[in-house]
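# Secondary and tertiary structure notes
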Amino acid sequence: MSSLAHRYLELCKPKVVYLIVFTAVVGMFLAVPGWPPWNALIAGTLGIGLAASSAAAINHLLDQRIDAVMARTRNRPLPSGQLGVNQVLLFAFILALLSMALLIIWVNALTAVLTFLSLIGYAIIYTVWLKRATPQNIVIGGAAGAAPPVLGWTAVTGVIDHNALILFLIIFVWTPPHFWALAIHRRNDYAAVDIPMLPVTHGVQFTRWHILFYTILLVIVTILPYLTGMSGLFYLAGVTVLNVGFLWYALRLLRDNDERLPMQTFGYSIIYLMVLFAFLLIDHYLMMYLGAR
């Protein structure tokens, strides 16, 4: 890959987009008893992925001042001078335009509208206002990040189903303990640029308690797919193991001052969400197979 292409790819935050697209695709498969329509699967996946990449590029653009100060982000394409503002702005606009065209022409208007609102919610409302306005920024702003499985669901059905909202709720509740673990590790960076993340405004121990509270809430919420009949025993067994692991990390964070633990918790939370959605997907087709016999 050329150096220039690599810089543009970095603007898209590919690791984040991969997770977004994965949860959206799982939403597509869970929405139907068989195989999702090819137009929704291909165009929907591309459209949602391009929109997420556009939002990420806009986030780079709006955060370039604080990115230049924070150690984790100062080598990003904009603060390091590898790309200019106009280049990033044009890139983000093209991605957003392609995303909307794909979703409107080959998927449906509802998915296009919801995807656009999610893009605006993350790239503008969260980045410009919420991130700097309140230590509850990641809780409120988490709604945009929790939308992908709903977008996937509407891409193949054209409607918002209660099961899709359960998937939304899982990611919504997962987001605070996931991100606060990172915020504890990067608290000095956030303090240096006056971003009111919870460990900066209320301290590390207060944040650790909140991580535990939200993890307990997550345990409750992740049982809903089984209770509503969307998933079966395979998912329930798998998510129980995942929840024990998350609770173990949350409790360790509360009692142990090891500086490596926040990032270990952050890393586990990413694996947790990916495997949880994989369990949902496997269970969906396992239930179909057993039901057909």
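Details of the structure are given in the entry above.
This section reports on the structure supplied with the text.

## What to know about the pattern of salt bridges
- Following the criterion strictly, the structure yields 7 salt bridges and no others.
- With a closest N to O distance of 4.0 Å, Asp189 and Arg186 form a salt bridge.
- Between Arg252 and Asp256 there is a salt bridge, and its shortest N-O distance comes to 3.9 Å.
- The class for Asp256 is partly exposed, based on a relative accessible area of 28%.
- Among the charged side chains, a network of salt bridges with common partners joins Asp63, Lys131 and Arg132.

## Regarding the packing of helix H2 (residues 14-30) against helix H3 (residues 38-62)
- Between H2 and H3, the least distance of the axes is 9 Å, while the angle of their chain directions is 150°. With respect to H3, the axis of H2 lies roughly antiparallel. As for the relative orientation of H2 and H3, their crossing is right-handed in sense. Contacts between H2 and H3 pair Val17, Ile20, Val21, Ala24, Val25, Met28 and Phe29 from the former with Ala40, Leu41, Gly44, Thr45, Ile48, Gly49, Ala52 and Ser53 from the latter.
- Along the lines of polarity and charge, the residues of the contact of H2 with H3 split into 11 nonpolar, 4 polar and no charged.

Conventions used here
Residues numbered from 1 in each chain as written. Predicted model: local features only at pLDDT ≥ 70, side-chain atom pairs only at ≥ 80, totals over all residues. Heavy atoms only, no water. Salt bridge = Lys/Arg side-chain N within 4 Å of Asp/Glu carboxyl O. Buried < 20%, exposed > 50% of the residue type's maximum accessible area, 1.4 Å probe, protein only. Axes fitted to C-alpha atoms, helices over the stretch in contact; angles between N-to-C directions. Helix = DSSP H or I, 4+ residues; strand = E, 2+ residues; numbered from the N terminus. Parallel < 35°, antiparallel > 145°, perpendicular 65-115°, else oblique. Left-handed = near helix turned anticlockwise from the far one by under 90°. Contact = heavy atoms within 4.5 Å. Nonpolar A, V, L, I, M, F, W, Y, C, P; charged D, E, K, R; others polar.

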